[in-house]
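Observations on chain architecture
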Number of protein chains: 6
Amino acid sequence: MKEAIYPGSFDPVTYGHIDVIRRAACMFDRLLVSVLDNKAKVPLFTVDERVKMLQDVTRDIENVEIGCFQGLLVDYARKQNVHIAIRGLRAVTDFEYELQIAQTNRKLSGGNLDTIFLCTSLEYAYLNSSSVKEIAYFGGDISALVPPEVAARVKEKYGDRADERPRS
Amino acid sequence: MKEAIYPGSFDPVTYGHIDVIRRAACMFDRLLVSVLDNKAKVPLFTVDERVKMLQDVTRDIENVEIGCFQGLLVDYARKQNVHIAIRGLRAVTDFEYELQIAQTNRKLSGGNLDTIFLCTSLEYAYLNSSSVKEIAYFGGDISALVPPEVAARVKEKYGDRADERPRS
Amino acid sequence: MKEAIYPGSFDPVTYGHIDVIRRAACMFDRLLVSVLDNKAKVPLFTVDERVKMLQDVTRDIENVEIGCFQGLLVDYARKQNVHIAIRGLRAVTDFEYELQIAQTNRKLSGGNLDTIFLCTSLEYAYLNSSSVKEIAYFGGDISALVPPEVAARVKEKYGDRADERPRS
Amino acid sequence: MKEAIYPGSFDPVTYGHIDVIRRAACMFDRLLVSVLDNKAKVPLFTVDERVKMLQDVTRDIENVEIGCFQGLLVDYARKQNVHIAIRGLRAVTDFEYELQIAQTNRKLSGGNLDTIFLCTSLEYAYLNSSSVKEIAYFGGDISALVPPEVAARVKEKYGDRADERPRS
Amino acid sequence: MKEAIYPGSFDPVTYGHIDVIRRAACMFDRLLVSVLDNKAKVPLFTVDERVKMLQDVTRDIENVEIGCFQGLLVDYARKQNVHIAIRGLRAVTDFEYELQIAQTNRKLSGGNLDTIFLCTSLEYAYLNSSSVKEIAYFGGDISALVPPEVAARVKEKYGDRADERPRS
Amino acid sequence: MKEAIYPGSFDPVTYGHIDVIRRAACMFDRLLVSVLDNKAKVPLFTVDERVKMLQDVTRDIENVEIGCFQGLLVDYARKQNVHIAIRGLRAVTDFEYELQIAQTNRKLSGGNLDTIFLCTSLEYAYLNSSSVKEIAYFGGDISALVPPEVAARVKEKYGDRADERPRS
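These lines cover the structure that appears in this document, whether it is placed above or below. The written sequence of each chain sets the order in which its residues are numbered from 1. Think of it this way: whatever chain is written first is A, whatever ligand is written first is 1, and the rest follow in order. Two thresholds apply to this predicted model, a pLDDT of at least 70 for residue-level local features and 80 or more for giving and counting side-chain atom pairs, whereas whole-chain, interface and lining totals are computed over all residues. Hydrogens and waters are ignored; side-chain quantities use all the structure's heavy atoms.

We now examine the interface of chain D and chain E. Between two residues, a contact is recorded if the distance between any of their heavy atoms is within 4.5 Å. Taken together, the 5 residues of chain D in the interface contact 5 residues of chain E. By definition here, a salt bridge exists when the distance from a side-chain nitrogen of Lys or Arg to a carboxyl oxygen of Asp or Glu is within 4 Å. The interface formed by chain D and chain E contains 0 salt bridges. Each polar contact in these results corresponds to two N or O atoms within 3.5 Å; when the atoms are within protein, one needs to be able to donate a hydrogen and the other to accept it, and residues that are neighboring in sequence are counted only if both atoms are side-chain atoms. Inspection of the region where chain D meets chain E yields 0 residue pairs in polar contact (both at pLDDT 80 or more). Classification convention: Asp, Glu, Lys, Arg as charged; Ala, Val, Leu, Ile, Met, Phe, Trp, Tyr, Cys, Pro as nonpolar; all other residues, Gly among them, as polar. Per-class residue counts for the side of chain D that touches chain E are 4 nonpolar, no polar and 1 charged.

Here's what the structure looks like:
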C-alpha cells in the first residue's frame with residue numbers, strides 16, 4: 001500500500017489545499033493530511049478546529065485521513081511509517097523554500113522521507129491562507145476562496161471586530 | 001477621463017517612488033497616489049506626515065493628487081471610482097508577490113480593478129524605504145536615495161539616537 | 001488622447017493575447033495592436049494573415065486598431081507618435097526578458113517610449129503561440145486555447161500533414 | 001495498481017535521471033520510463049540506443065519498464081492508461097517551463113493526466129545531457145556524470161573527432 | 001596585499017559557511033570573517049560566542065582572521081581599509097536580496113566596496129543557520145550540518161528544553 | 001600572485017563587460033580576459049577581431065591581458081595555471097545557468113577551478129552583445145552601449161545592409 005502525508009498549517013484550509021488533496025488522493029492508496037501544531041506562530045484557529053474543518057471538507061474522499069503533529073515532519077512520518085510527503089507549489093519563491101525543506105528532510109531521514117510536488121491549479125494559484133484572513137478581516141468576500149463551512153467559521157472569528165471594519 | 005491609483009506605504013517616499021509617479025502621471029489623465037494606513041505595522045512616519053511629504057515632492061506634477069486609505073484597496077478604489085492600480089516592479093521576488101495581489105484584487109473586485117506594472121528605472125532598482133531607514137539609523141548618507149526635504153525629516157526622526165550611532 | 005501599442009508576433013493570436021487586448025483597451029483611448037514582421041524567424045502565418053485574424057477577433061472592441069511593423073519598436077512608436085508599449089507577463093522568465101527589452105527601449109527612445117506590463121489572467125497563464133502550434137501539429141484539440149476562426153486556420157495549415165499525425 | 005510515466009529525451013541518460021527513476025520507482029507500483037522521439041531535434045543517440053541504455057542502467061529495479069513515444073504525451077499516456085507523469089526539477093527556470101507543460105497537459109487531457117515533480121538530488125543538480133555531450137566532445141571526463149556503460153557509448157560516438165580535440 | 005571581508009550573522013557557523021571561508025581564503029591574501037552584531041535580532045549565541053566558534057573551526061586556515069562589527073558594513077570596511085566583500089549564494093531568492101545589498105553598498109561607499117559572490121557547494125546548498133536551530137530545538141540530528149564543537153554548543157543551549165522535546 | 005580568468009564571447013565587448021573587467025582588475029594581481037572560440041556559433045566578429053577590440057578598450061588597465069581559447073574552460077585554466085574564473089551576473093536567469101556551469105567546472109577540475117560572480121552595475125544591467133547587434137542591424141544608436149571604436153566596427157559590419165534598413 002502506497003501512502004503519503006500532506007503536511008501544512010491549514011489555518012484555514014482553502015480551495016487551493018482541497019485541490020491538492022483531491023489530486024493527491026487519486027495518486028496514492030491512502031493520504032494523511034496533517035495539521036502542523038507550530039508553537040512559534042499564533043494561529044487564527046486551534047489545531048482541533050483546523051482538523052475539524054479538514055474533516056468536514058474532505059468527507060467525500062474515501063482514502064483521506066486527517067491528523068496533526070508537533071515538531072519535525074521526519075519524526076512524525078517515521079512514527080506513521082510513511083515515506084512520501086506532498087507539497088503544493090504556486091510560485092518560484094515557494095519552490096526555492098520548499099526545495100530547501102525537501103532536501104533537509106531527505107538528509108534528516110536518511111533518505112526515508114522523499115517529497116513530491118504538485119502545482120496548484122491555475123484558478124487557485126493566487127490563493128493562500130494569509131490573504132483569506134486579511135480579506136475577511138476587512139470585511140471582503142471570501143466565498144470564492146474557501147468552502148462555505150470554512151467561510152462561516154472565519155466570519156465568526158472576526159465577528160466581534162465588525163464595528164471597526166473599514167467599510168462604507 | 002482615465003484615472004489610476006498608485007497605492008503604497010511610502011514610509012518614506014524615495015526617488016524610486018517618484019520615478020514611478022512621474023512616469024505614470026504621463027500615462028493617465030489623473031493619478032491618485034494613496035498612502036496605505038496599515039494598522040498591522042509600526043511606521044516611522046504618521047500617515048499625515050507621509051501625505052505631506054508626497055505633496056511636497058510632487059508639487060510640480062499637475063495631475064497628481066495625494067490621498068490615504070485603510071482596509072482593502074478594492075474597497076477604496078470602488079469608492080474613488082478608479083479601475084486601474086499601478087505598482088512598481090524591481091525584482092523577481094517583487095513580481096511574484098505583486099502578481100498574487102493583482103490576481104486577488106481582480107477577483108475581489110469582480111474584474112473592476114486591474115493592475116499595471118512599471119519597472120523601476122535602473123538607477124533606483126536597489127532602493128527601498130526599509131534600507132533608507134536602516135542606512136539613516138546608522139548615520140549613513142541617504143542624499144542619493146530620497147529628496148532633500150525627505151532626508152531632513154528622516155534625520156529629525158533619528159536625531160535623538162545620534163549618540164549611540166556606530167560612527168567613528 | 002492617451003494611446004498605447006501592444007506589439008507581438010501573434011503567430012497566431014491566442015485567448016491569452018485577447019485577454020490582454022481587452023483589458024488594455026479599457027485603460028487607453030486607443031490601442032494599436034502591432035504585428036512584428038521578424039525576418040529572422042519563419043512564422044506559420046504571414047503578416048497579412050496574422051493582421052486579418054487579429055482584426056476578426058477584435059472586431060467588437062471599438063478603440064482597437066491592428067497594424068504591423070518591421071525593425072525596432074522605438075522607431076515604429078516614434079512614427080506613430082505613441083509613447084506607451086504594453087506587454088503581457090506570464091512568468092518570472094518572461095519578466096526578466098521583458099524587463100531588459102523595456103529598459104533598452106527607454107534608453108533607445110531617449111525616455112519617449114515607456115512599457116507597462118499586464119499579468120495574464122490565470123486561466124491563460126499556461127498559454128503561448130508555440131504550444132498552440134505544437135499541439136495542433138500533433139492533432140491535439142486547441143479549441144480552449146484560441147478562438148474558433150483561428151483554430152480553423154491553424155488546422156488548414158497543418159491539414160496536409162494529417163496523414164503523418166501520431167494519432168491512434 | 002498505481003502507475004506513472006517518466007518521459008524525457010534521455011540523450012543520454014545521466015546519474016540525475018537515474019536518481020529520479022530510483023526514487024519514483026519506490027513511490028508507485030509500476031514506473032514507465034519513456035523516450036520521446038522528437039523529430040524536431042537531431043539527437044546524439046537513436047531512440048533504440050537510448051531505450052537500450054535505459055534498460056541496461058535500470059536492470060536491477062524490478063518495477064521499471066522502458067518505452068518510447070512520438071507526439072503528445074497526453075495521447076501516449078491515454079493509450080497506456082496512465083494518469084501520472086513524473087518530472088525532475090533542478091532549478092527555477094526548469095520549474096516555470098515544466099509548470100507550463102504540466103498545466104497544458106492537464107487541460108489537454110481533461111484532467112486525466114496530472115504531473116508530479118521530484119527535486120533532483122543535490123549531487124546531480126548541475127547535471128544535464130547537453131553538458132555531458134559538450135564535455136565529452138571536448139575530451140573531458142564524464143565518469144562522474146553517467147554510468148560506465150553510457151560513458152563508453154558516448155566516447156564511441158565522439159571517437160572519430162579525437163584528433164581535433166583541444167587537449168594538451 | 002589583496003584582502004576581503006566575509007560578513008554574516010554566523011548564529012551558528014555551518015558547514016556551508018566554512019565551505020565559503022575555505023574557498024575565499026584561497027583567493028585572497030587575507031580573509032576577515034566578521035560577525036554582524038545586529039541589535040534588531042535576538043540571536044541564539046552572543047557575538048563573543050560566535051567569534052569563538054569561528055576561531056575554533058578556522059584554526060587550520062592561516063590567512064583567516066575573525067572580527068565583529070555593528071552598524072553599516074561600508075563603515076566597518078572603510079575603517080578596516082578593505083574594498084571587497086564576499087557573500088555566498090544558495091538560491092535565486094538569496095540572489096535578489098544580496099544583489100540589492102551589494103548595489104546599495106557600492107553606492108554608499110562611493111564605489112570603494114565591491115561584492116563578489118561564491119555559490120555554495122551543492123552538498124551544503126540546503127543549509128542555513130535557522131534550520132540548524134529549528135532541527136536542534138526539536139531534538140533532530142545536526143551532526144551533518146555543523147562541526148562537532150558547534151553541535152555540542154547548540155545542544156547545550158537547548159539542553160534545558162530537553163524534557164518538552166517532541167521525541168518518541 | 002593571485003590571478004583570475006574572465007572568459008566570454010565578447011562579440012562584441014560592451015560597456016557591461018568593461019565594467020566587470022575594471023572591477024575585477026582591482027581585485028586580483030593579474031586578470032586574463034579570454035575570448036571563447038565557440039565553433040558551434042557563427043559570430044559577427046572573428047576571434048582576432050574580438051581580441052583586438054578588447055586590447056583597444058582595456059589599454060589603460062595595466063594588469064589586464066587578452067587571450068583566447070577553444071574547448072573546455074577547465075583545460076584552458078589548467079594550462080594557464082589559473083584557479084579563479086570570473087563571471088558577471090545580470091539577472092536571475094543568468095544566475096541559474098551560470099551556477100550550473102560553475103558547479104560543473106568545479107567538478108571537472110577536481111576543485112582546482114572556482115568561479116566568483118560580480119553583479120553588473122545597474123546602468124549596464126539591460127545590456128548584452130546580442131541586443132547591441134540587433135539594434136545596430138536596424139540602424140539604431142548604440143553609442144551608449146559600446147565604446148566608440150567598437151561602435152565604428154559594428155557599423156562597418158552592417159554597412160552593406162544600410163539600404164535595407166527600416167529607417168524613415
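Moving on: the environment of Tyr126 of chain C. Following the sequence through the fold, Tyr126 of chain C ends up in the loop between β5 (114–119) and α5 (129–137). Between the C-alpha atom of Tyr126 of chain C and that of Ala91 of chain C, which follows or precedes it by 35 residues, the distance is 9.1 Å. Excluding residues within four positions of it along the chain, Tyr126 of chain C makes contact with Leu122 of chain A, Ser131, Ala144 and Leu145 of chain C together with Gln100, Gln103, Thr104 and Lys107 of chain D. A helix here means a DSSP run of H or I that spans at least four residues, while a strand means a run of E at least two residues long, and both kinds are numbered starting from the N terminus.

This part takes up the packing of aromatic side chains. Residue and element names in this part refer to chain A. Classification of ring pairs uses Phe, Tyr and Trp, with its six-membered ring standing for Trp, and accepts pairs whose centres are within 6.5 Å; under 30 degrees between planes counts as stacked, over 60 as edge-to-face, and the remaining range as tilted. For the structure shown, the criterion picks out 33 aromatic pairs over all chains. Residues Tyr137 and Tyr158 carry aromatic rings whose centres are separated by 5.7 Å and whose planes lie at 85 degrees to one another, so their mutual orientation is edge-to-face. Pair noted here: Tyr137 is in helix α5 (residues 129–137) and Tyr158 is in helix α6 (residues 148–158), with a separation of 21 residues, a long-range link. Among the residues examined, Tyr137 registers a relative accessible area of 27% and is labelled partly exposed. Throughout, exposure labels follow a simple rule: accessible area from a 1.4 Å probe, protein chains only, divided by the maximum for the residue type, with under 20% read as buried, over 50% as exposed, and the rest as partly exposed. Judged by its relative accessible area of 7%, Tyr158 falls in the buried class. Here the aromatic residues Tyr137, Phe138 and Tyr158 are joined through ring pairs into a cluster of three or more.

This next bit is on the layout of surface pockets. Where empty space is left becomes clear once a probe the size of a water molecule has been rolled over the atoms. The method works on a 1 Å grid over the protein atoms by themselves. A cavity is a set of points holding a 1.4 Å probe that cannot get out, a pocket is an open set with protein on both sides within 12 Å along at least five of seven lines, and residues with an atom within 4 Å of a point line them. Grid points are joined across faces, edges and corners, and a volume is the space filled by probe spheres set on the points. Its boundaries defined by the atoms lining it, the second largest pocket holds a volume of some 480 Å³. If you trace the second largest pocket, you find 21 residues lining it, with Leu122 and Glu123 of chain A together with Leu122, Glu123 and Tyr124 of chain C closest to the centre. Listed by contribution, the elements that provide at least two residues to the lining of the second largest pocket are α4 (92–108) of chain B, α1 (15–27) of chain C together with α4 (92–108) of chain D. When residues in the lining of the second largest pocket are grouped by element, the largest group, 4 residues, is from α1 of chain C. Across the lining of the second largest pocket, the residue classes tally to 7 nonpolar, 5 polar and 9 charged.

All names here are of chain D. Between helix α2 (residues 47–57) and helix α6 (residues 148–158), whose axes approach to 10 Å, the crossing angle comes to 155 degrees. When the axes of α2 and α6 are compared, the pair comes out roughly antiparallel. Every residue of α6 that contacts α2 at Glu49, Lys52, Met53, Asp56 and Val57 is listed here: Glu149, Val150, Arg153 and Lys157. Residues that form the contact of α2 with α6 fall into these classes: 3 nonpolar, no polar and 6 charged. Note on method: axes are straight lines fitted to C-alpha atoms, helices fitted across the in-contact stretch only, with angles between N-to-C directions ranging 0 to 180 degrees. What sets the label is the angle itself: under 35 degrees gives roughly parallel, over 145 gives roughly antiparallel, 65 to 115 gives roughly perpendicular, and the rest give oblique.

Before going further, it helps to spend a moment on the relation of the copies chain A and chain D. The operation relating chain A to chain D is a screw motion whose rotation component is 180 degrees, with 0.0 Å of axial translation and a residual RMSD of 0.0 Å. One copy is carried onto the other by what is essentially a two-fold rotation axis. Proximity to the rotation axis, assessed at the C-alpha, singles out Phe117 of chain A in chain A; its C-alpha lies 2.4 Å from the axis. Residues below a pLDDT of 70 in either copy are left out; the C-alpha atoms of the rest, at least 70 in both, set the least-squares superposition of the copies.

So, about helix α5 (residues 129–137) of chain F. All names here are of chain F. Residues of α5 that are buried include every one of Ser129, Ser131, Val132, Lys133, Ile135 and Ala136, and no others. Sitting at the amino-terminal end of α5 is Asn128, which places a side-chain oxygen 3.2 Å from the backbone nitrogen of Ser130. Following α5 by one or two positions, Gly139 has its phi on the positive side, about 80 degrees.

Moving on, we get to the interface of chain A and chain D. On the side of chain D, 25 residues touch chain A, which itself brings 25 residues to the contact. Two parts placed together each lose some accessible area under a 1.4 Å probe, and adding up what both lose gives the buried area. Here chain A packs against chain D, burying approximately 2,200 Å² in sum over the two surfaces, 63% of which is carbon and sulfur. By the criterion of area lost to chain D, the three top residues of chain A are Lys2, Met27 and Phe95 of chain A, representing 25% of everything that side buries. A salt bridge links Asp114 of chain D to Arg23 of chain A; the shortest N-O distance between them is 2.7 Å. Taken together, the elements giving at least two residues each to the side of chain A that touches chain D come down to α1 (15–27), β4 (84–89), α4 (92–108) and β5 (114–119) of chain A. Pairing between two strands is assigned when DSSP locates at least 2 bridges connecting them. In terms of strand pairing, β5 of chain A meets strand β5 (residues 114–119) of chain D through 3 bridges, oriented antiparallel. Residue Leu118 of chain A lies in a different strand from β5 of chain D, and its bridge partner there is Ile116 of chain D.

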